[in-house]
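What follows is the residue order along each chain.
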Amino acid sequence: MFVSFFPKPKQLFLSAALWTLFGVLLWYFVARAWGGTLSLGGLFGYGVPPMLPDGADEAARSQALEFWFYQYFIILIAAFVGFWMVYSPHPWQRWSLAGSALILFVNWFLVQLDVMINEWFGTFYDMVQQALGNPGTVEASDYYWQIATFLKIALVYVFVGSLFRFFVSHFIFRWRTAMNEYYMQNWPRLRHIEGAAQRVQEDTMRFATIAEGLGVSLVDSIMTLIAFLPLLWGLSAHVKELPLIGEVSQGLVFVVILWSVIGTALVAVAGIRLPGLEFRNQRVEAAYRKELVYGEDHADRAQPPTVRTLFADVRRNYFRLYFNYLYFNLVRIFYLQIGNLVPYIALAPTIVSGAITLGVMQQIIRAFSRVETSFQYLVNSWSTIVELLSVHKRLKAFEATLKGEALPEIDQEYLAREGTGE
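What you see is a predicted model; the values in this text were computed from it and never measured. (Residues numbered from 1 in each chain as written. Predicted model: local features only at pLDDT ≥ 70, side-chain atom pairs only at ≥ 80, totals over all residues. Heavy atoms only, no water.)

**Q** Any chance you could explain the environment of Leu252 here in plain terms?
**A** As for its position among the elements, Leu252 is in helix H8 (residues 251–270). Each C-alpha atom, one on Leu252 and one on Lys240, is 9.7 Å from the other, the two residues being 12 residues apart in sequence. Beyond its immediate chain neighbours, meaning those up to four positions away, Leu252 contacts Leu232, Ser236, Val239, Ala346, Leu347, Ile364 and Phe368. (Helix = DSSP H or I, 4+ residues; strand = E, 2+ residues; numbered from the N terminus. Contact = heavy atoms within 4.5 Å.)

What follows is the structure in structure tokens.
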């Protein structure tokens, strides 16, 4: 599943995680100071100036550092990709290595646009509050200019995001192609496995699509945390008190972490049986479909008693799935709906006391939501993860056969059943 597309997958992904950690630490402790010397921003009007005195325009310095960070990011990615292309050449390395690097970079760019939109919310809603509270103090031109600013950011986001999805679609199909070629090269050893044709034709595409979707979501969640958690930490300075707890420093950050951990634990417990049920569902559907296909060419196959028995298995498994998804969705949806109220509840003493403006409140709620969603990666992706695990179980039989290992337990159950004629 991975070795067909990525060079030495275990080493690659482990080194990617370690390299990322190294890059983050290097940036915060050392590399930021290098901008004044190494950044090419000066050629475009974004040279990194020295530390400015209090009250000076920090916006220019912030933009210059951001420009330098993108250069640093590109250098870091290029070094990693270049090393792996030389260290472990692979037929699909342009897509698996360079393509993944591009996905990572564009993800960060989109997250930064989201941060800009969050800042816009603060400015815009403060203007709205001023206009409503003090009529005549806000010029119409200023109001429309703020709307135009949002449109400018949003249009860039939509344009880049659309191209990004287009590229990811091609990335997924290349991954499927790599798996398809890998399995077909070993087809004589794989063809005896139940549903082998479906596993190659359908499950490879589903696995590539789901794995890439979850991977992009995970990277997006991590990058959103990197961008928004410090922002929420800074905004939490406006919140001096929490309900029931009283005065606390940076309380919103601890609220969002605690709430996310509780939700993840609840959903994991509620959905623990779903992966196995989903896999068994694919098994009974495949057995039913296989018998019908045989019946197209052989008159003695797909007889009513056999079909009724196979469809009864389909019915029984679906009903078990429906019941398990019933309480899983109850827990998940109930938790997510209450989560919409958590930031408002946490901000209640601050709002009632009038300690923040409407714009700051909007920034806090939006940043809280972004951080909460990132921490709730498992909660929001659990159904998709269940589907991925079920597909992985089916393709795992291929991997076991190619490695000379025993088939997964559920495949052995099927072979035993076939052998007894049940």
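**Q** Help me understand the packing of aromatic side chains in this model?
**A** When we look at a pair of aromatic rings, we describe it by the centre distance and by the angle of the planes. In the structure shown here, the tally under the stated rule is 38 aromatic pairs. Each ring, one from Phe6 and one from Trp175, has its centre 5.3 Å from the other, and the planes form 90°; the classification is edge-to-face. On the criterion of sequence distance, the pair formed by Phe6 in the segment before helix H1 (9–29) and Trp175 in helix H5 (residues 140–185) is long-range, its members being 169 residues apart. For Trp175, a relative accessible area of 3% puts it in the buried group. Note on Trp95 and Phe167: the rings are 5.4 Å apart at their centroids and 15° apart in plane angle, and the pair reads as stacked. Taken together, the residues span a long stretch of sequence, with Trp95 in helix H4 (residues 93–133) and Phe167 in helix H5 at a distance of 72 residues. (Phe/Tyr/Trp six-rings, centres within 6.5 Å; stacked < 30°, edge-to-face > 60°. Buried < 20%, exposed > 50% of the residue type's maximum accessible area, 1.4 Å probe, protein only.)

**Q** Please clarify how the UniProt feature "transmembrane region" (unreviewed entry) in the protein should be interpreted in this entry.
**A** In the numbering used here, UniProt assigns the feature "transmembrane region" (unreviewed entry) to residues 12–30, 67–87, 94–111, 143–168, 214–233, 253–274, 318–335 and 341–361. In residues 67–87, helix accounts for 100% and strand for 0%; the two terminal C-alpha atoms are 31 Å from one another. Overall, residues 318–335 shows 100% helix and 0% strand. The separation of its end C-alpha atoms is 25 Å. (UniProt positions renumbered as here; feature names shortened; annotations may be inferred.)

**Q** Whenever I open this one, the packing of H4 against helix H13 (residues 358–375) confuses me. Can you help?
**A** Helix packing geometry: the angle between the two helix axes and the distance between the axes. In the contact formed by H4 and H13, the axes pass within 6 Å of each other and the chain directions differ by 155°. Accordingly, the angle class assigned to the pair H4 and H13 is roughly antiparallel. You can see that H4 and H13 cross each other, and the crossing is right-handed. Touching Asp114, Ile117, Asn118, Glu119, Phe121, Gly122, Tyr125, Asp126 and Gln129 of H4 are Leu358, Gly359, Val360, Gln362, Gln363, Arg366, Ala367 and Arg370, all from H13. Considered class by class, the residues forming the contact of H4 with H13 number 6 nonpolar, 6 polar and 5 charged. (Axes fitted to C-alpha atoms, helices over the stretch in contact; angles between N-to-C directions. Parallel < 35°, antiparallel > 145°, perpendicular 65-115°, else oblique. Left-handed = near helix turned anticlockwise from the far one by under 90°. Nonpolar A, V, L, I, M, F, W, Y, C, P; charged D, E, K, R; others polar.)

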